[in-house]
Amino acid sequence: MTRRAALSALAVPVLSRAGLGAVLLALAVLAGVTIGEVALPLGLVGDLLAVKLLGIERALDPIEAGILWSYRLPRTLVAAACGAGLALSGVVLQALVRNALADPYLLGVSAGAGAGAVAVTLLGLGGGAIGLSAGAFGGAASAFLIVALLAKAAGGGPAQLVLAGIAGSQLFNALTSFFIAKSANAEQARGLMFWLLGNLSGVRWPDVSLALPVVGLGFLVCLAHVRPLDAFSFGSGAAASLGIAVRRVQLVLIAAVTLMTATLVSLVGSIGFVGLVIPHAMRFLVGPRHARLIPASALAGAVFLIAADIAARVLIPGQVVPIGVVTALVGAPGFALILIRNRRRS
Amino acid sequence: MRIEARNLGWREIVRGVSVEIRKGETFGLVGPNGSGKSTLLRLLAGLMPRAAGEVWLDGAPLAQLSRRQIAQRLALVEQFADTGEALSVRDAVDLGRTPWLSPLSPFGPEDRQIVDRALAAVGMEGMAARAWATLSGGERQRVHIARALAQEPRVLILDEPTNHLDIHHQLALLGLVAALPVTVVMALHDLNQAMMCDRLGVMSDGRMVACGKPAEVLTPDNLARIFRVRAQPMIDPSDGSTLFRFLPMETST
Amino acid sequence: MPNLPLIPRRGLRAALIAAPLVAAMPALAQTSYPLHLSNCGVDLTFEAAPQSVVSVGQAATEILYALDLGDRVLGTSVWFSSVLPQFEAVNAGVPRLADNDPSFESVVALRPGLVAVQYEWHIGPQGIVATREQFADLGIPTYTLPSDCVGKDNSTGSDGTRLDMYTMDSLYQGVEELAQIFDVPERGTAMVAALREREAAAIATAGALALDDASAVFWFSSAEMDIDPYVAGQGGAPAYMMQALGLRNVVESNEEWPVVAWETIARANPSVIVLARMDRRRFEADDIERKLEFLRTDPVVSQMEAVREGRIVILDAHGMDPSIRNIDALETLSAALAGFDLQ
C-alpha cells in the first residue's frame, strides 16, 4: 500500500470522529444559547437561524432575539474558544515541561497577563483594547519566563516548577494590587479587578472575532506539532535526537500558548483548572499520543467550558456564580485524582 | 557512515578530542566515571550547545545539517531516558520514525513494518502492547534501542547500552549491535565487553588518551595509569580471546 | 453604595436586634441623662452629650451637619460624592481622615467622644475598620445609623440583605437619636418633620399620576462596561422609592445591590431606568456618560421600552443609599415620572 492509499484509509475514521466532535460541539452550543436566566421559546433558535443565515423574514421579538443573538451566542462561542484554548495550553505545557501539573493558571501565566494589562493601563501605553491585550500578552510571557527560569534554577523538578509557579503567581498578583493601590487616579483603575473574577457575562461579538481566530490559530499550531510533542515524551534531549529542532518548537509552542492564554484572560479573566483537568481526562480516554490528544482536548475543553458557563448561570436561580468557581469545583477534585494517580505510578 | 571529529571540546568536560571512525566500524569508548564519555557522545550527535570543534558525517559538516537531517543519519540512545506518559512499547518505538514523517507523509504501513522489525531485533515483538510503566529496566533499554533502530540510522550512538541488562541480554545486545550494518559508537563500562569492539578510544579527564585496537589500547600499563587497577590478562583457551582479571592497585605495591 | 466584591465577607451572622424605639420622643428641649439607647444590638449609655465626634460614612456626616453639629466633628471619612452644597462651608473646616476607609488608629488618635457610623461593614461585627468592641475597649462609644441594621442582615450578600423593606423611619430614628445624644432633641424633631413633609408631597405628586403597571430598574454601576450590572434589589432605599411612587422593581433579589444579567433586565422591560451619577471612578460604568452610551448602543438594551421612549432618570448615587438625600432623590424621581407618558 502506498502512503497515499494509507492516507485515504485513515481518512474515514478521522472524518467520522471529526463529525462526531462537530455534532457534540453543536449540541453544546445549542444548549448554551437556549439555557439561561431567562427562559426563551425553543422555536426562537430556528426562527433566528432562518432570519440570520437564510435571510427569511420573520417577526421576532427584538429583545428575545437580541438576547439569543447578541448575548448568548457570542458568550457561548467565546466559552468554547476559551475552553479549547486553555485545554490546548495545558496539553502543550504538560508535554514541554514534562510535568502533569503544568497549566497556564498554575504556572503564573494568568496572573502575569492580569498584571501586564494593569501595568499598561496605568502607565498609559497604547490605548483601548489593543493596549490592554498587548499588556496582557507581555505580562503572560514574562510571567512564564520568570517561572520557567526560577524552576530551572531551583533544580527543574516537578515540585520546583509548581513552587516556582506559586511564587510567580503571587508576585504578579501582588504587582497587580500594587499598581492599583498606587494609581492616584481611580479612573485608570476602573474595571481592573475584573481580571481576578473570571466572568463571561460581558462577552459580545467583537470578543468572538478576537477569541475564535486566536484559538483557531493556536489549534492549528498545536496540530502541526503533534509529532514533536510526542517526541518530548522522553525529554528534550531525546526529542532533539529524534530530529526535533527543540528550541524552535519550544519557542513556537510557548508563543502559541502565551498568545492564547493572554488573549483569553484579557477577554474573560482567569479561569483555572480547565488546562489541568481536561488534558488528563482525555489521556484516559484517547491515550497519550498527541495526534488524538490535541483535537480531543480542544473539543472536550470547549464543551466543558460551555457546560460550566451554563452551570454558572443556573446553579443558583437568579444569581450568577463566577465561572471560575464552577471550573474549580470540578477541577479541584480532578487535581486531587491526578495527585493520587501520580503517586501510585511512582 | 564515516565520522570525523576535530578538536571537540565542551567547557572542561571534553577537551581537544579528534577522532575518525570508519564506516561500519564498532567503536567503543571507555574511561573512568566522569572522564567525559557521555558528553563526547552528545558532541558527536551534535546535541551540546556552544560546543567547540567540528564533526563531519561522510564529509558533511554536522553544523550545517538540520536536526531532522541529523536524525535521519544518526540515532542516539542515552542513559536514564524515562517518561511519565502512559505510552505503550509500540508508541515508544514509533517515535523512532519521527525524523522521516511530515504532515504530507504520515505514519504508514511501511513505517509500521520498520517498527515491527526493530521490535523483533531486540526480542520485544511479543510485548508491543505493554505499557512503558510496567517494563523492567532491561526491557526499557531494549525498547530504546528498538526506537533507535526504527530511526534507520547509519550511525548508532549508545551510552552504556548494557546497563540494567541481565547477562543474557547484555550478550544478545552486543551481538546484535556488532552485526548491524551501521557505524556504532558506544560507551562501555565493562572492559571485557569492550574487547569485542573493532577499536577503542580511552577517555581520561576529558581527553582521548589512547585510540586503537582493543589489545593495543587496553594494556596493563594503560589500565593501571587510567583506571587505577592492576589488570591480569588471561587467555580463554576455547577461542583464544583475552580476558582481564582486575585486582586493586594496593596489592601490587 | 455597592460594596463591590473586593472585600470578602465571611462567617458570623450578626446578631441584629432592631431597636424597639417606640413612639417618637416627645419634643423635649433637653435630653435627660443618663441616656440609654439600644443601637443595632449594642446597649449604649451616655452620661452627658459627647463633646466631639468622628464620622465614618457620608450619610452620618451630613446628618451631623444638618443638626448643626459641625463644630463637634473632628474628622470625616468614607465619602461617596461631594458634600451637599449647603454644608460646603462647615465641611471645609473639618479634616477629612480618608476619602475611603479610615484606619482604626487614625480615628482613635482624635480621641472622639463618639464615632458615628453609616455602615456595619466599616464598623460592625466584621467591620473592615474595626469592631464596635474594639472602640468600646478604648472607652469610645460607637453609634450606627439604624438604617443599616433595622430589618437588615449584613452577614449575607455583598452589601447585606434586607429582611424588611427599608423605610425612611429608620433614617428618621437615626436623626432623632443623634440629636438626643448631642442634647439637641428639638433640632432632630424639627428636621424629621420637615423631611416627612417633603416625602409626603413627592408621594402625592406621583400618586396623582395613578400609575397602574409602571416598573423600574435602578442601575448603580458595573465592574466592566458590558458585564452583568449592579442593580437595586428588593428592600433597599431604591425599592422603597419605587414602592412609594407606585413603581414595580423588576429585580426580585433581596440583596441590597445584587448582580443581575442584562438579559433578565431586558426581558423584564421596565418602563423607567434610573441611573446613578457618582464621583467615584473605580469602574468604567461609574461614569454616567458611559452608562448612557451603553444604553444607546447595546444591541439588546437599546431595544428596551424605557430606552426607546427616553424614560431615563439620573439620580445622585448617594441618594440611593439610606441618607437624608433619599428625599431629594424621591422628589427628583417623582417629578421625572410626572413628565413621562406612562399611561
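Cut-offs applied
- Numbering of residues starts from 1 in each chain and follows the order in which that chain's sequence is written.
- Chain A is the first chain written and ligand 1 is the first ligand written, with later ones labelled in order.
- Residues qualify for local features only when their pLDDT is at least 70, as the model is predicted, and side-chain atom pairs are given and counted only at 80 or more; totals for whole chains, interfaces and linings, by contrast, use all residues.
- The basis for every side-chain value is the complete set of non-hydrogen atoms in the structure, without hydrogens or water.
- Runs of H or I in DSSP of at least four residues are treated as helices and runs of E of at least two as strands, each being numbered from the N terminus.
- Think of it in three bands: with a 1.4 Å probe and only protein chains considered, a residue is buried below 20% of the maximum accessible area for its type, exposed above 50%, and partly exposed in between.
- Contacts were defined at the residue level, with two residues in contact if any of their heavy atoms lie within 4.5 Å.
- For accessible areas, the Shrake-Rupley method is used with a probe of radius 1.4 Å. Any residue's cover is judged against the shown protein chains and nothing else.
- Buried area is a sum: the accessible area each of two parts loses on coming together, probed at 1.4 Å, counted once for each and added.
- Definition used for salt bridges: Asp or Glu carboxyl oxygen within 4 Å of a side-chain nitrogen of Lys or Arg.
- Definition of a polar contact: a pair of N or O atoms within 3.5 Å, with one able to donate and the other able to accept a hydrogen when the atoms are protein atoms, and with sequence-neighbouring residues admitted only if both atoms are side-chain atoms.
- Amino acids are sorted into nonpolar (Ala, Val, Leu, Ile, Met, Phe, Trp, Tyr, Cys and Pro), charged (Asp, Glu, Lys and Arg) and polar (every other residue, Gly among them).
- One less than the number of residues in a helix, times 1.5 Å, gives the span that helix is expected to have.
- The patch calculation keeps residues exceeding 30% relative accessible area without a salt bridge and links them within 9 Å when they carry like charges or within 5 Å when they are nonpolar (Val, Leu, Ile, Met, Phe, Trp, Tyr).
- Buried and open spaces are told apart on a 1 Å grid over the protein atoms alone, a cavity being a set of points where a 1.4 Å probe fits but cannot get out and a pocket being an open set with protein on both sides within 12 Å along at least five of seven lines. Residues with an atom within 4 Å of a point are the lining residues.
- Grid points are joined across faces, edges and corners, and a volume is the space filled by probe spheres set on the points.
- What counts as a ring pair is set by centres within 6.5 Å for rings of Phe, Tyr and Trp (its six-membered ring), and what kind of pair is set by the plane angle: stacked under 30 degrees, edge-to-face over 60, tilted for all other angles.
- Whether a charge sits over a ring comes down to the Lys NZ or Arg CZ being within 6 Å of the ring centre and within 35 degrees of the ring normal.
- The pairing criterion is simple: DSSP has to find at least two bridges between the two strands.
- A crossover gets the label right-handed when its path from the first strand over the helix to the second runs clockwise, viewed with the strands pointing away from the viewer.

### Focus on the overall build of chain B
Here comes step 1: When its secondary structure is counted, chain B shows 9 helices and 12 strands.
Here comes step 2: Across the 253 residues in chain B, those meeting the buried criterion constitute 53%.
Here comes step 3: Taking the intrachain contacts of chain B between residues at least 6 apart in sequence as the baseline, contacts between residues at least 24 apart amount to 61%.
Here comes step 4: Of the roughly 11,500 Å² that chain B leaves accessible, carbon and sulfur atoms contribute 52%.

### Some thoughts on the environment of Glu305(C)
Residue and element names in this part refer to chain C.
Here comes step 1: Mapped onto the elements of the fold, Glu 305 is located in helix α10 (residues 305-308).
Here comes step 2: For the pair Glu 305 and Ile 273, spaced 32 residues apart in sequence, the C-alpha to C-alpha distance is 9.6 Å.
Here comes step 3: Discounting chain neighbours no more than four positions away, the residues touching Glu 305 are Asn 269, Ser 271 and Arg 311.

### Digging into unusual backbone geometry
Residues and elements named next belong to chain C.
Here comes step 1: Omega for the peptide link from Tyr 33 to Pro 34 comes to -5°, which places this bond in the cis form.
Here comes step 2: With respect to the helices and strands, Pro 34 occurs in the segment before β1 (35-39).
Here comes step 3: Backbone geometry at Cys 40 places phi at a positive 50°, although glycine is not the residue there.
Here comes step 4: If you trace the backbone, Cys 40 turns up in the loop between β1 and β2 (42-46).
Here comes step 5: For Ala 210, which is not glycine, the phi torsion reads 50° and is therefore positive.
Here comes step 6: Inspection of the secondary structure assignment puts Ala 210 in the loop between α6 (185-207) and β9 (215-222).

### Some details on the interface of chain A and chain B
Here comes step 1: With 23 residues of chain A at the interface, the matching set in chain B holds 33 residues.
Here comes step 2: Taken together, both faces of the contact between chain A and chain B bury some 2,500 Å²; the carbon and sulfur share is 60%.
Here comes step 3: Inspection of the region where chain A meets chain B yields 3 salt bridges.
Here comes step 4: For Arg289(A), the salt bridge is made with Asp91(B), and the minimal N-O distance between the two is 2.6 Å.
Here comes step 5: Applying the counting rule to chain A against chain B returns 8 residue pairs in polar contact (both at pLDDT 80 or more).
Here comes step 6: Elements with a contribution of two residues or more to the side of chain A that touches chain B: α1 (3-34), α8 (226-231) and α9 (236-241) of chain A.
Here comes step 7: Tallied by class, the residues present in the side of chain A that touches chain B amount to 12 nonpolar, 4 polar and 7 charged.

### Examining helix α5 (residues 168-181) of chain C
All names here are of chain C.
Here comes step 1: Across its 14 residues, α5 extends 20 Å between first and last C-alpha, which sits within 8% of the 20 Å expected from 1.5 Å per residue.
Here comes step 2: Taken across its 14 residues, α5 has 13 buried, putting it largely inside the fold.
Here comes step 3: After α5 finishes, the residue Asp 183 shows a positive phi value of roughly 65°.

### With respect to a nonpolar patch on the surface
Here comes step 1: There is a patch of nonpolar side chains on the surface, built from Leu315(A), Ile316(A), Val325(A), Leu329(A) and Val330(A) and spanning about 430 Å² of accessible area.
Here comes step 2: By the element assignment, Leu315(A) lies in the loop between α12 (290-314) and α13 (323-345).

### Some thoughts on empty space enclosed by the protein
Left-over empty space is what a probe sized like a water molecule reveals as it rolls over the atoms.
Here comes step 1: The final tally for this structure, using the stated rule, is 7 cavities of 30 Å³ or more.
Here comes step 2: In this structure, the largest cavity occupies an estimated 140 Å³ of space.
Here comes step 3: Arg75(A), Ser201(A), Asp228(C), Ala261(C) and Glu263(C) are, among the 15 residues lining the largest cavity, the residues nearest its centre.
Here comes step 4: When contributions to the lining of the largest cavity are tallied by element, the ones reaching two or more residues are α3 (62-97) of chain A together with α8 (262-268) of chain C.
Here comes step 5: Taken together, the residues of the lining of the largest cavity sort by class into 6 nonpolar, 1 polar and 8 charged.

### Some remarks on the layout of surface pockets
Residue and element names in this part refer to chain A.
Here comes step 1: Reported here for the second largest pocket is a volume of approximately 1,500 Å³.
Here comes step 2: Lining the second largest pocket we find 40 residues, and of these Lys 152, Ser 236, Val 246, Arg 247 and Gln 250 sit closest to its centre.
Here comes step 3: For the lining of the second largest pocket, the elements supplying multiple residues, two or more each, are α3, α5 (128-153), α6 (158-182), α9 and α10 (246-268).
Here comes step 4: When residues in the lining of the second largest pocket are grouped by element, the largest group, 9 residues, is from α5.
Here comes step 5: In terms of residue class, the lining of the second largest pocket is made up of 24 nonpolar, 9 polar and 7 charged.

### A word on the packing of aromatic side chains
Here comes step 1: Enumeration over the complete set of coordinates arrives at 12 aromatic pairs over all chains.
Here comes step 2: A ring pair is formed by Phe244(B) and Phe246(B), whose centres lie 5.8 Å apart and whose planes are at 25°; its orientation type is stacked.
Here comes step 3: Ring centres of Trp219(C) and Phe294(C) lie 5.6 Å apart, and the angle between their planes is 65°; on these two criteria the pair is classed as edge-to-face. Within this pair, whereas Trp219(C) is found in strand β9, its partner Phe294(C) is found in helix α9 (residues 288-297), the two being separated by 75 residues in sequence.
Here comes step 4: A relative accessible area of 1% means that Trp219(C) is categorised as buried.
Here comes step 5: These aromatic residues form a ring-pair network of at least three members: Phe80(C), Tyr119(C) and Trp121(C).
Here comes step 6: Note that Lys291(C) overlies the ring of Trp219(C), its terminal NZ or CZ placed 6.0 Å from the centroid.

### Remarks on the pairing of strand β5 (residues 114-117) of chain C
Residues and elements named next belong to chain C.
Here comes step 1: Of the two faces of β5, the one lined by Leu 114 and Ala 116 and the one lined by Val 115 and Val 117 are each fully buried.
Here comes step 2: In this sheet, strand β6 (residues 142-144) lies alongside β5 in parallel orientation, the contact comprising 3 bridges. Bridge assignment links Val 115 to a residue of β6, and that residue is Thr 142.
Here comes step 3: Taking the sense of rotation as the criterion, the β-α-β connection linking β5, helix α4 (residues 132-137) and β6 turns out right-handed.

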